[in-house]
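Architecture at a glance
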Amino acid sequence: VMEKDNSSLFMTIDRKKYDDDKAEAEKFCAATGIDKEHYDGALGSMTLMAVSGNGQGIASWGDIEALHKNWLNSNQLSGPELAGPSEQGKTYNGALSVPFTLKPSESKTVTFILTWYFPNALNGLKDGIWEFKGNMYSNWWKDSDDVAKYVKDNLKDLSAKTHLYRDTFYKSNLPHWLLDRISSLVATLDSRTFFWSQDGYLGSWEGCNTDSGCCQGNCSHVYHYAQSHAYLFPSLARKMREQVFSKQYDDGRLSNRNGYDDIALDGMCGDILGAYREYLMCDSNDWINANWQHMRKAMDYIVRRWDSDEDGVMSGLQWDTLDSAMSGNSPWLGSLYLSALEASEKIAQLQHDQALAERYKAIRVSGAQKQNERLWNGQYYIQIPEANLPAFNSITGCNIDQVLGEWWGNQLGFESHYPADRIRSSMNSLLRYNFRCNFVGIGMTQRRYVADQDAGLQMTCWPNKGDRPVMPTPAADEAMTGFEYSAAATMVQFGMLKEGLMVTKSLYDRYDGRLRDDLTDMAGANWGYSGNPFGDDECGKFYGRALSVWSMLSACQGHYYNGPEKIIGFDPQWQPEDHSSFFTAAQGWGSFEQKRSSASQTDVITVVYGKLDIAEVRLAVAQDRKVSSSNIKLSGKSVSVELVQDADKVVLKFKEPVTIDADEALKITLNLN
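A few points on the structure. Here the structure is a predicted model, which means the values were calculated and not measured.

Conventions adopted
- Residues numbered from 1 in each chain as written.
- Predicted model: local features only at pLDDT ≥ 70, side-chain atom pairs only at ≥ 80, totals over all residues.
- Heavy atoms only, no water.
- Buried < 20%, exposed > 50% of the residue type's maximum accessible area, 1.4 Å probe, protein only.
- Helix = DSSP H or I, 4+ residues; strand = E, 2+ residues; numbered from the N terminus.
- Pairing = 2+ DSSP bridges.
- Contact = heavy atoms within 4.5 Å.
- Patch = residues over 30% accessible without salt bridge, like charges linked within 9 Å, V, L, I, M, F, W, Y side chains within 5 Å.
- Areas by Shrake-Rupley, 256 points an atom, 1.4 Å probe, with all protein chains shown as cover.
- Salt bridge = Lys/Arg side-chain N within 4 Å of Asp/Glu carboxyl O.
- Axes fitted to C-alpha atoms, helices over the stretch in contact; angles between N-to-C directions.
- Parallel < 35°, antiparallel > 145°, perpendicular 65-115°, else oblique.
- Nonpolar A, V, L, I, M, F, W, Y, C, P; charged D, E, K, R; others polar.
- Polar contact = N/O pair within 3.5 Å; in protein donor to acceptor, adjacent residues only side chain to side chain.
- 1 Å grid on protein atoms, 1.4 Å probe; cavity = no way out; pocket = protein on both sides within 12 Å on 5 of 7 lines; lining within 4 Å.
- Points joined across faces, edges and corners; volume = space filled by probe spheres on them.

Another point: the pairing of strand 14 (residues 324-327). Both faces of strand 14 are covered, namely the face carrying Ser324 and Met326 and the face carrying Ala325 and Ser327. Note: strand 13 (residues 317-320) against strand 14, four bridges, orientation antiparallel. Across the sheet, Asp320 pairs through a bridge with Ser324, a residue of strand 14. With antiparallel pairing between neighbouring strands as the criterion, strand 13 and strand 14 make up a hairpin whose turn holds three residues, including Asp323 at a positive phi of roughly 55°.

Of all nine residues in helix 6 (residues 176-184), seven are buried, a share of seventy percent or more. Restricting attention to buried positions, one finds in helix 6 the residues Trp177, Leu178, Leu179, Arg181, Ile182, Ser183 and Ser184. Contacts from the buried residues of helix 6 go to helix 5 (155-169), helix 16 (481-493), helix 17 (497-510) and helix 18 (550-557).

With that out of the way, let us pick up a nonpolar patch on the surface. Taken together, Ile13, Met46, Leu114 and Trp116 make up a surface patch of nonpolar side chains, about 430 Å² in accessible area. Positionally, Met46 belongs in strand 3 (residues 45-50).

Next up on the list: the packing of helix 12 (residues 331-350) against helix 14 (residues 404-411). Where helix 12 contacts helix 14, the axes come no closer than 6 Å and their chain directions differ by 25°. By the criterion of interaxial angle, the relationship of helix 12 to helix 14 is roughly parallel. Between helix 12 and helix 14, the contacting residues are Trp332, Ser335, Leu336 and Ser339 on the first element and Leu404, Gly405, Glu406, Trp408 and Gly409 on the second. A breakdown of the residues in the contact of helix 12 with helix 14 according to their chemical character gives four nonpolar, four polar and one charged.

This next bit is on the environment of Gln458. Relative to the helices and strands, Gln458 is located in the loop between strand 17 (456-457) and strand 18 (460-461). Relative accessible area serves as the criterion here: at 4%, Gln458 is assigned to the buried category. Counting along the chain gives 19 residues from Gln458 to Phe439, while the straight-line C-alpha distance between them is 9.0 Å. Discounting chain neighbours no more than four positions away, the residues touching Gln458 are Ile400, Asn434, Arg436, Phe439, Ile442, Ala476, Asp477 and Glu478.

Let's shift gears to the side chain of Gln601. Note that Gln601 resides in strand 23 (residues 600-620). One polar contact links Gln601 to Arg596, side chain to side chain, over a distance of 2.7 Å. Beyond its immediate stretch of four places on either side in the chain, Gln601 contacts Gln594, Lys595, Arg596, Ala620, Val621, Ala622, Ile668, Thr669, Leu670 and Leu672.

One open sheet holds the four strands; their spatial order is 1-2-3-6, and the pairing between them is antiparallel. Two strands lie at the open edges of the sheet, namely strand 1 (2-4) and strand 6 (112-117), each paired on one side alone. Within the sheet, the average angular offset between the axes of one strand and its neighbour, ignoring direction, is 20°. Sheet topology places strand 2 (residues 9-14) next to strand 3; six bridges connect them, and they run antiparallel. Bridging across to strand 3, Asp14 finds its partner in Ser45.

The next subject is empty space enclosed by the protein. Overall, the coordinates contain five cavities of 30 Å³ or more when judged by the stated rule. If you add up the space inside the largest cavity, you get close to 120 Å³. As for the largest cavity, its lining consists of 13 residues, of which Asn218, Tyr223, Met240, Arg241 and Asp271 are closest to the centre. Counting only elements with at least two residues in the lining of the largest cavity, the list comes to helix 7 (220-223), helix 9 (234-246) and helix 10 (265-280). Of all the elements, helix 10 adds the most residues to the lining of the largest cavity, at four residues. Here the residues of the lining of the largest cavity are counted per class, giving four nonpolar, six polar and three charged. In this model, the second largest cavity occupies a volume close to 90 Å³.

Below, the structure written as structure tokens:
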């Protein structure tokens, strides 16, 4: 159907509803093998709009050569304005045209808008297993014409906000390829990996294929790596956390897949750490007050099941993200446990439960000491499995996730549980044993997501080849970006900037847009490694774990934020003498800039969208430099603060909290001697 209003021309394709012609629909379903649910899910409309009052359009054409020839000869589109249901096996084609004439050196822009509307879409899995119908947008608009008109009416504002985000993000002086990696993978949120159903459920597959999503249930042991969504859209991260808590068992367990699957230890620790992150990205304590009991029950379950003597050392079988179970004491799951204990300890203090906070702290302190004593081999951290307990172990292997809990903790503002020099040694060992300039000769016994000529970090390597267990941790020979980004960020967090950037650059080179669709593993299976720069591959395309890449931004800028306490901090690892980067907060986002000289340091926090409430700013100055005086101004007006310095750390406590609104900046000048 072609329609026209005062300022636009639009063409709409609208599928007839099932009840309008039930017999024809049933005939179609019988002929094609499509069931009624999927037929209903395809019912909807699509609209192509030209935002111009002098356009032309037709609802059907048959021969594109004839269409083009007629248009060239007459500058007109010839055809009907209405086309009824097409015959089975045939498709109608429509066309829009907006003619104009250009003089020399003249230009003109014509805007086209494509919208769609499928209110009956079937999301998730059928047969009542993680099944959700409809899309959230059907609560806001009535059809695709309605959507197109909304976009047209709000195009200026929508375009301005989109460009504002893009321009602010790329104002950073981080390497362009790193900015591309961080920003491009946000496309995962707009892929088939994510859906938002009509009833409000926010669903995420692990990844997606051409016809559907793969690995259902907002998988906790995958999505605890993901960070991008939580910092860009904190309200959506809170929703996902609430959905996890809504399926909590009475004993405190949290299902690995929203009630569909059993539990995974790393996923449960990640849910606790995620809850603490969601608290930090709030503007008050209300959310954590409402969800604290879920967090506490989960923490207590972990302690009861895997650390019954409360010495901070895990025992028993522990299911994990490699779809297998490890046993005994490992730095990967052990460090996650320590950080989850600290997150729980801090919220217990916030809830004025000092006895519980002290209990969690005692377990954590004991665990840090004993894990360090038992798992350190002089170069990196190893696993000590339990005898006579069949499991998939790494033992003396150098594992990519060996200090994953420290990666999490650093993002949340925790001090490290393992000594910093040992963490750096572990990361250096990871580079020495696991980083490969190419994967020639590396047998991909399971899945293949890296070509022979590509570089990357292998999941697990055994420096002494004879040490490889008979049943090693699955995926030991693989390279997968979600794990690699977190390892690279850990390097940056602990002072290994060049090394972390090198690892991330290798992933940028792997996902450079060159099609790689002919790779197979040793069994001949093709796992779909694509090279698409907007969606990394693992078990499916646009894989959710790769959203861990946001931690590279946080690490490079040394970002810390606590919304309820109105604290923000920066300690740039990337070019502290001349740094510029994008940051987010609970109610807005903007840019941070820092410049250093021998005599002074200037830090500027600019809010570009929303607002930022601040009661305290935390910064770092060059080693051996002392702040002699300071000058703090908000939009040119002086602000009174109390300044406290401890070594190279500087804390500015405001006499009264201030609010930085959009287009305002807080400028901090520190005079040094």
